[in-house]
Amino acid sequence: MSGASSTRRFSRKRGPEHRPWLDWMVLPGLVAVGLVIAYPVVRTFQLATTDYNALSGMDPRPVGAENFQKLVDDPIFWEALRNTAVYTFGSVAVSALLGVLLALLTENLVGRSRILKTLLLTPWAVPFVVVAFLFRYMFDEQTGVVNAVLLQTGVIDEAVPWLVSSTWALPAVVAANVWTQTPFFFLVFSAALAAVPNEVIEAARVDRTRGWTMAYRIKLPYLRNAALVASLLMVISNFNDFAKIWAMTEGGPGYASTTFVVWVYRLAFTSFDLGYSSAIGVVWLVLLMVFAIAYVRLLRREA
Amino acid sequence: MIRPPDPQASPQSRRHPRRWLRGCAVGLAGAVLLAACGGGGGDDDSSDADGPVTITWANWATAEQTTKPAIEQVIADFEAEHPDIKIESEAIAFSDIAQQLVRRTQSGNPPDIAQLSGNDTIALAATGALAPLDQFVDDELRASINEADLENGTYEDELVAFPWVDSPQGFWYNKTLMSQAGLDPAAPPATIDELNDAMAAIKQAAPDVTPLALDTTNRAFGMTSNWAWMKTFGAEPFTEDGAQADTPEYTAYLEWMRSLAENDYIVTGPKIGEFRPRAAQNQVAFMWDQNLLQGVIQETNGMSDEEFFDTWGVTTLPTGPAGESYSVDLGHQLVMFGQSEHQEAAWTFIEYLATSENAIVNYTLAEGASLPPLSDPQGEVAELMDTPVNQAYVEQIMPTSTKPPYGQAFSAAYDPVMAGLQRILTSDASIDEVAGATHDQLASVVE
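## Points about the overall build of chain A
Right, so step 1: A count of helical and extended segments in chain A gives 15 helices and two strands.
Right, so step 2: Here the C-alpha radius of gyration of chain A, 26 Å, is well above what a compact globule of 303 residues would show, namely 19 Å.
Right, so step 3: With the principal axes as the frame, chain A shows a C-alpha extent of 85 × 60 × 30 Å.
Right, so step 4: Long-range pairs, those at least 24 residues apart, make up 68% of the contacts in chain A with a sequence separation of at least 6.

## Let's talk about helix α12 (residues 272–280) of chain B
Side chains of residues three or four places apart in an α-helix project in the same direction, reflecting 3.6 residues per turn.
Residues and elements named next belong to chain B.
Right, so step 1: Listed as buried for α12 are I272, F275, R276, A279 and A280. The buried residues of α12 occupy an angular sector of 140 degrees when the element is viewed end-on, so they sit on one face.
Right, so step 2: Of the surrounding secondary structure, the elements contacted by the buried residues of α12 are β8 (210–213), α10 (220–232), β11 (284–289), α13 (292–301) and β12 (312–315).
Right, so step 3: At the C-terminal side of α12, N282 shows a positive phi close to 55 degrees.

## Comments concerning the pattern of salt bridges
Should the charged atoms of two oppositely charged side chains come close, the side chains can pair.
Right, so step 1: Scanning all chains against the criterion turns up twelve salt bridges over all chains.
Right, so step 2: Between A:K244 and A:D241 there is a salt bridge, with the nearest N and O atoms lying 3.1 Å from each other. Considered together, A:K244 and A:D241 belong to a single accessibility category, that of buried residues.
Right, so step 3: Residue B:D289 pairs with B:R276 through a salt bridge whose shortest N-O separation is 2.8 Å. Residue B:D289 is located in strand β11, and its partner B:R276 is located in helix α12; the two are separated by 13 residues in the primary sequence.
Right, so step 4: Accessibility expressed as a relative area gives 1% for B:D289, which makes it buried.
Right, so step 5: The exposure class assigned to B:R276 is buried, which follows from its relative accessible area of 12%.

## Details of the layout of surface pockets
Right, so step 1: In this model, the second largest pocket occupies a volume close to 1100 Å³.
Right, so step 2: Along its surface, the second largest pocket is lined by 48 residues, and A:K70, A:Y276, B:Q441, B:S444 and B:V445 are the ones closest to its centre.
Right, so step 3: Of all the secondary-structure elements, those providing two or more residues to the lining of the second largest pocket are α4 (66–73), α5 (75–105), α9 (169–194) and α14 (260–269) of chain A together with α19 (408–426) and α20 (431–446) of chain B.

## Considerations on the confidence of the model for chain A
Right, so step 1: Looking at chain A, the pLDDT average stands at 87 and 94% of residues meet or exceed 70.
Right, so step 2: Below pLDDT 50 for its whole length, residues 1–12 of chain A participates in four contacts with residues either more than four positions away or in separate chains.

## Side note on helix α12 (residues 224–239) of chain A
Right, so step 1: Between its first and last C-alpha, α12(A) extends 22 Å over 16 residues, near the 22 Å set by a 1.5 Å rise per residue.
Right, so step 2: Along α12(A), the positions that sit buried rather than exposed are A:A226, A:L228, A:A230, A:S231, A:L232, A:M234, A:V235, A:N238 and A:F239.

## Topic: the interface of chain B and chain A
Right, so step 1: Counting residues at the interface gives 36 residues for chain B, matched by 30 residues for chain A.
Right, so step 2: Carbon and sulfur atoms make up 60% of the surface buried where chain B meets chain A, a total of about 3000 Å² over both sides.
Right, so step 3: Scanning the region where chain B abuts chain A turns up three salt bridges.
Right, so step 4: Two residues, A:R136 and B:E274, come together in a salt bridge whose shortest N-O distance is 3.1 Å.
Right, so step 5: Of all elements in the fold, only α2 (17–38), α4 (97–106), α5 (119–126), α19 and α20 of chain B reach the threshold of two or more residues within the side of chain B that touches chain A.
Right, so step 6: The residue makeup of the side of chain B that touches chain A, split by class, is 16 nonpolar, 13 polar and seven charged.

## With respect to unusual backbone geometry
Right, so step 1: Put simply, A:G252 and A:P253 share a cis peptide bond, and its omega is -5 degrees.
Right, so step 2: Of note, A:P253 is situated in the loop between α13 (243–248) and α14.
Right, so step 3: Notably, B:D157 is not glycine yet its phi reads approximately 65 degrees, a positive angle.
Right, so step 4: For B:D157, a relative accessible area of 75% puts it in the exposed group.

Rules and cut-offs
- Residues numbered from 1 in each chain as written.
- Chains lettered and ligands numbered in written order.
- Predicted model: local features only at pLDDT ≥ 70, side-chain atom pairs only at ≥ 80, totals over all residues.
- Heavy atoms only, no water.
- Helix = DSSP H or I, 4+ residues; strand = E, 2+ residues; numbered from the N terminus.
- Rg over C-alpha atoms; globule rule 2.2 N^0.38 Å.
- Contact = heavy atoms within 4.5 Å.
- Buried < 20%, exposed > 50% of the residue type's maximum accessible area, 1.4 Å probe, protein only.
- Arc of directions from axis to C-beta.
- Salt bridge = Lys/Arg side-chain N within 4 Å of Asp/Glu carboxyl O.
- 1 Å grid on protein atoms, 1.4 Å probe; cavity = no way out; pocket = protein on both sides within 12 Å on 5 of 7 lines; lining within 4 Å.
- Points joined across faces, edges and corners; volume = space filled by probe spheres on them.
- pLDDT = per-residue confidence, 0-100.
- Expected span 1.5 Å × (residues − 1).
- Buried area = accessible area lost by both parts, 1.4 Å probe.
- Nonpolar A, V, L, I, M, F, W, Y, C, P; charged D, E, K, R; others polar.

Next up, the structure:
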């Protein structure tokens, strides 16, 4: 046996070999995915082009792009879009900022004081509905701790109806979301900070780099990829967040804190207008996909 | 490592392991498909000819802690009296029951019977899912039930919902707080102007008290709760003829609601149930609520009947510019689904719940804290109904009952109406602008 043929045989044994029968093993997974993901998406696109109310007792009636035209002319759509953007990006921006600050401040904790890091992570473990009710009580106009503190410290002269104010309802819900989301960013940034090469830090120290300059010029650039990934995850999560908003304000007062998901829920499950709500769902899906693709491309370019 | 051949394996599978694996994969995929498509298709116990018939009953009576023990006892009593019928109760929250039933009906899996109320009853009837009940109701039974209740359960000339309990909304007034504010507790406000004066007096005497508790939440129940108030201003935001939110009457109603918010006479946001504990603590002067308020207050603060009647009274809605009082009956009804395979047994249970003395005494008038739909109650039922509150409801309030335009349009219209009302209560948006926007939205959804 020649050496060359021996090598070929070895490669065939150990290297990647295409085994067609293995492809069939994917079939159950594909069927499951088709049932639970593809079917609802396709059905949503189909319903979006129909006039269909589940209470009418009538079959869906094809209307083409009428629902999308109605959407463009609907002032609630634009208000929900604005609220969704404020809730999604406002929460991510503030949470990321707080997360990175906390990560930098606690980076050098040693010994027992490291328990502080664990404590900072606890809001992440609290169920969303519990968070919502917690903040609902905190923001209560009559008995809430927020008004009590602000009145005591003289920041406000009279109690603010946080959750039933057209002005303050959305910021109050964002505040609750920031509280629960900051630990996630803190965790991600802490891990990323730990991965900054020691050589880089040492070199910077040799150059007498300290404090803010060290954080801003040396460490923060290393957090960029982590920030991108974490932000994308949280943007998608916030875009789809229902529990906190519903439990705190139900999208009100009026439509002051109504986001896409709350609006779709109302239309689909209390008015049963499945055609129109599916059209909103399609727009919602497309927006998320465009955002996700742009984000992933940005991430690849950074990499 | 190469495994030795499995001596237990068939010769065929040993010869063609790949084909065998491929067959397994296809088989597994088929099993997944069958499981997904064929779920629920099997026979259940209820169709067993030898055993008792099982009736499934979707309701919120067993989902709420206050009513659960009583209704479970009534079910047990029924099963003891009817050993051939078994009741399988499905506890569903009041706010979720309509959407769950619509979805279940569409998927061909409704219960036999359900407890429904208000718009949900007619909305579900409009889907064609409910069985007509006329065939079960003979003349004698029909004559024993309040005519208005039968009318409330009628859709397109067919009785689709049998009245179970009556629960109209009335104008509750706290006599203690009225006295403290210098008002005559024996003379509750009879007009909107008198109510305005009374609320001002209450606010001045007790700034922490909520002068008027009214549900302004954005839900169908919220619009039902406000329907009588709108009507006393001569306003109906929509009718069968279409949107009517741009009328002077509706604007007058919104202006009055704005004045309530500006003067801190009402609190926007809480559901009516969230006001009840405050009412039990004498923190609410006037309240638009059902007769179950009595039970909640007494359970919360331990008041005796005598103490309660000394503290609280209930009467008709103060009249507005239209000069009429109105109320909406938020009573509960029992419906039977057309797909039920045991309609006779289902009807037996419905009739028992609504008309048997045991159910009325131990549930409707006790924990249910409502009124039976009987036109001429007798015996123990009549004795239990002889209270100042029940008399006020039966003799004064129920005659003012009006039925909102329930159905698909109502389900779509509540959101624009209540969202607009919330804007009036929580912002300084122009009333004309809000009324116009509400009208435009209604015109779009009510068609």
